[in-house]
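These are the residues of each chain, in order.
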Amino acid sequence: MTAQELKEKFISFFVKKRHKKLPNVSLVPENDPTALFINSGMHPLVPYLLGEPHPLGKRLVSNQRCLRTQDIDEVRNMMHLTFFEMLGNWSLGDYWKKEAIEWSWEFLIKELRLEPKRISVTCFAGDKDTPKDEEAAKVWQKIGIPKQRIYFLGKKDNWWAVGETGPCGPDTEMFYDTGKKKCGPKCRPGDNCGKYFEMWNDVFMEFDRLPNGKLEKLKQQNIDTGMGVERTTAMLQGKDDVYQTELFTSITQTIEKISGKKYQGKNKKSMRIIADHLRAASFAIGDGVMSSNVEAGYIVRRLIRRAVRYGRPLQINKPFLAKIAEEIIDQYSGEYFHLKKNKSKIIRELSAEEERFNKSLERGLREIEKYKVLNGKSAFYLYETYGFPLEMTQEIAQERGQKIKKGVFEKEFKKHQELSKKGVETKFAGGLADHSEEVTKLHTTTHLLHQALRDVLGDHVQQVGSNITPKRLRFDFTHPEKLTEAQMKKVEKIMNEKIKANLLVKIKTMTLAEAKKKGALAFFGEKYSDKVKVYMIGGYSQEVCGGPHVKSTKEIGRVKIIKEKAVGAGRRRIYAQLAHGS
Ligand code: SER
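Computed from a prediction, not measured in an experiment: that's the story for all the values here. (Residues numbered from 1 in each chain as written. Predicted model: local features only at pLDDT ≥ 70, side-chain atom pairs only at ≥ 80, totals over all residues. Heavy atoms only, no water.)

**Brief notes about the confidence of the model for the protein chain**
For clarity, the cut-off: Per-residue confidence from the predictor is reported as pLDDT, a score between 0 and 100. Note on definitions: a residue-residue contact is assigned when non-hydrogen atoms from the two residues lie within 4.5 Å.
Mean pLDDT for the protein chain: 88, with 92% of residues reaching 70 or above. Note that residues 524-529 has pLDDT below 50 and, in this model, 17 contacts with residues that lie over four places away or in other chains.

Put into structure tokens, the structure is as follows:
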């Protein structure tokens, strides 16, 4: 079975079970500053798992592109990829463990035609916060999995969370016996020895991890499942290496052609890293993340640089990223139209970074030769001067039988950060930290605008961005279509009525949970501390915010919407100004 067939089977299976297909969205998370990339199929669904009604209903299915950076160092082993596709089905407060498990089983046996005898499962063993998952185990037993193939494991194996805060819960994972020998008497699913192949994860998402670390029950019991496309394809084809599937053969062949070397022996590691990292970097750039020194851009930079550096052991001495990226983009163009559209931009960006890095790589590698020992301090120097990512210097050190202490590198890094932070603070003094009268007025106006938009357009309106200068406010929100002239007038009218009514602005401090309970607008992903400030404008608007705000609305004067436009699919932007003297 090819990857394409697997994807089609999965989607149509769940569509038959009355699931609606979700779009495969950008790797850049919307409205979630806590994450750099979408890391799972459920990630874009967080607001709905928390209880927002989803426009497509309570049963959803998708194939979603994902990028996981914690796996960067593990790429050299065969099943970990930085970029991958994930199939998943969801119940948003609809079906629960029984149906989820029964359907997983039905899909594995009837659609993928796996042998029931070779399947084992793991369930959550329980801990001080959450009990052992007997319920899931009972469903498995009823289906016919004998007790000795049901393993109970702890949080590390059988608990899934999108991030440090947010929706989470115990899970049950399904494994296939590859027929390999047991690695020892304790051999069990999840130990990564290669005997048990992990296929699918059903998460029972009924908790929300609050910023203070406490677990709170969600409003609804959700199902969130995930099946990695590349790994499952490899397994179905009897390969123990994703790189041997049709998803990678043309990429490795291109690397073979460029290098004149075969995909074998020591070359394998370099070729895998190049293939994996360029897939990830191409998709990330395709979604608009350019290589830079911060956040997501820095991940892209590291991926590209590591790929370039692994061209060295293959003795590739000319620029090579463009050719490989071309292959990747062509392969995925059928399903990812935006990749095709952005092809030349992606290739340009990769090649520019390659060229930049090649220059300093030469110099850096020459410099390294002069060093007798590589340590944390020198690693930081190489990072700062030649842009060598830490893991790259670590690998070079390892090749020489040396070890770099990450702690020392990090200490140097922090020192450097503190120095540059001082710079940043002064830079923003006129921007983010502007508490001038105009900016303060516009802050309050933004809250009024937000509520007025919800009044006029509906509760689906959510803030996705805001930017204020002393001259104007800019407000981004979710809404599927252009606002009509009449809608804009209405929004403006409401805002001005509320200003005229001279509503008092009050602040109350409470926990985020309390704020949500009271119905205050709060946007998922904002880095809320334990207590939040809720600004209340009369009885009209309640919103979690850091301020500053006016004391009463009359101070604002009068507001005028000056422009409305689209900013990407399903998002609109409004500019508004304060009108003086009228
Ligand atoms: N969120 C879970 C995972 O990524 C299941 O979809 O494994």
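**Here's the deal with the pattern of salt bridges**
For clarity, the threshold we go by: Any Lys or Arg side-chain nitrogen found within 4 Å of a carboxyl oxygen on Asp or Glu counts as a salt bridge. Secondary structure counts use DSSP, requiring at least four H or I residues in a row for a helix and at least two E residues in a row for a strand, with both numbered from the N terminus. Type-normalised accessible area, obtained with a 1.4 Å probe on protein chains alone, sets the label of each residue: buried when under 20%, exposed when over 50%, and partly exposed for intermediate values.
Scanning the entire structure with this criterion turns up 36 salt bridges. A salt bridge links R573 to D476; its shortest N-O distance comes to 2.7 Å. With R573 in strand β16 (residues 571-578) and D476 in strand β11 (residues 473-478), this residue pair connects regions lying 97 residues apart in the sequence. With respect to burial, R573 and D476 carry one shared label: buried. Between R572 and E564 there is a salt bridge, and its shortest N-O distance comes to 2.8 Å. The two residues R572 and E564 agree in class, both being buried.

**Notes on the site of the ligand**
What counts, and what does not: A cutoff of 4 Å decides nearness: a residue is near a molecule or strand if any of its heavy atoms lies inside that distance of it. Identification of polar contacts relies on pairs of N or O atoms within 3.5 Å, with a donor-acceptor requirement for protein atoms, meaning one able to donate a hydrogen and the other able to accept it, and with residues adjacent in sequence counted only if both atoms are side-chain atoms. Residues are grouped as follows: nonpolar covers Ala, Val, Leu, Ile, Met, Phe, Trp, Tyr, Cys and Pro; charged covers Asp, Glu, Lys and Arg; every other residue, Gly included, is treated as polar.
As a matter of local geometry, the ligand sits amid S40, M42, R68, M86, W160, N201, V203, D224, T225 and G226. Interatomic distance of 3.1 Å between a side-chain N/O atom of N201 and an oxygen atom of the ligand. Between the ligand and T225, the relevant distance is 3.0 Å, taken from an oxygen atom to a main-chain nitrogen or oxygen of the residue. For the shell around the ligand, the secondary-structure elements that each account for two or more residues are β8 (196-209) and β9 (215-228). Of the residues assigned to the shell around the ligand, the class counts are four nonpolar, four polar and two charged.

**A look at the environment of N201**
Here N201 lies in strand β8. Assessed through its relative accessible area of 10%, N201 is described here as buried. With 30 residues separating them along the chain, N201 and D171 place their C-alpha atoms 6.7 Å apart. A distance of 3.5 Å separates the side chain of N201 from the side chain of D171, its partner in a polar contact.

**With respect to unusual backbone geometry**
Located in the positive-phi region is Q315, a residue other than glycine, with phi close to 55°. Along the chain, Q315 falls in the loop between α9 (295-309) and α10 (321-332). One non-glycine residue with positive phi stands out, namely N502, at about 50°. Along the chain, N502 falls in the loop between α17 (485-500) and β12 (505-511).

**Structural notes on the environment of K340**
Of note, K340 is situated in helix α11 (residues 337-341). Each C-alpha atom, one on K340 and one on K359, is 29 Å from the other, the two residues being 19 residues apart in sequence. Sequence-distant contacts of K340, that is, excluding residues within four places in its chain, are made with I329 and S333.

**Points about the side chain of T393**
Turning to its location among the elements, T393 is positioned in helix α14 (residues 390-399). Beyond its immediate sequence surroundings of up to four residues, T393 is in contact with L374, A379, L382, F388 and I404.

**Some points on the sheet that holds β11**
Here is the rule we go by: Pairing between strands is defined by DSSP: at least two bridges between them are needed. Every axis corresponds to a line fitted to the C-alpha atoms, with the helix fit spanning only the stretch in contact, and the corresponding angles, defined between N-to-C directions, vary from 0 to 180 degrees.
Strands sit in the order β10-β11-β16-β15 across an open sheet of four strands; the sheet is antiparallel. Edge strands, defined here as strands with exactly one partner in the open sheet, are β10 (463-468) and β15 (559-566). Taken over all neighbouring pairs, the strand axes of this sheet differ in orientation by 20° on average, direction set aside. Of the strand pairs in this sheet, β11 and β16 are connected by six bridges, and their pairing is antiparallel. Looking at β16, one finds that R474 is bridged to Y575. Contacting β10, β11, β15 and β16, helix α16 (residues 437-457) runs over the sheet at an angle of about 30° to β11.

**Some details on helix α13 (residues 376-386)**
Regarding α13, the residues found buried are G376, S378, A379, F380, L382, Y383 and Y386. Once α13 ends, the next one or two residues include G387, with phi positive near 70°.

**Remarks on a positive patch on the surface**
Applicable threshold: Patch rule: a residue counts if its relative accessible area is over 30% and it has no salt bridge; like charges are joined within 9 Å, and nonpolar side chains (Val, Leu, Ile, Met, Phe, Trp, Tyr) within 5 Å. Residue burial considers only the protein chains on display, and all accessible areas are found by Shrake-Rupley using a 1.4 Å probe. When charges are counted, Lys and Arg contribute as positive and Asp and Glu as negative, whereas His and the chain ends are disregarded. In plain terms, the charge of a residue is placed at NZ if it is Lys, CZ if Arg, CG if Asp and CD if Glu.
Residues K500, K554, R558 and K560 make up a contiguous surface patch of positive charge. Given the relative accessible area of 44%, K560 is considered partly exposed.

**Quick look at the packing of helix α12 (residues 343-370) against α13**
The description of two helices packed together rests on the angle between their axes and the distance between the axes. The condition that has to hold: The scheme is simple: roughly parallel for angles under 35 degrees, roughly antiparallel for over 145, roughly perpendicular for 65 to 115, oblique for anything else. Should the near helix be turned anticlockwise from the far one by less than a right angle, the crossing is left-handed, and should it be turned clockwise, the crossing is right-handed.
In contact at an axis separation of 10 Å, α12 and α13 are set at 150° when each is read in the N-to-C sense. Comparing their axes, α13 and α12 come out roughly antiparallel. In this structure, α12 crosses over α13, and the sense of that crossing is right-handed. Contacts from F357, S360, R363, G364, E367 and I368 of α12 reach α13 at Y381, L382 and Y386. Looking at side-chain class alone, the contact of α12 with α13 contains five nonpolar, two polar and two charged residues.

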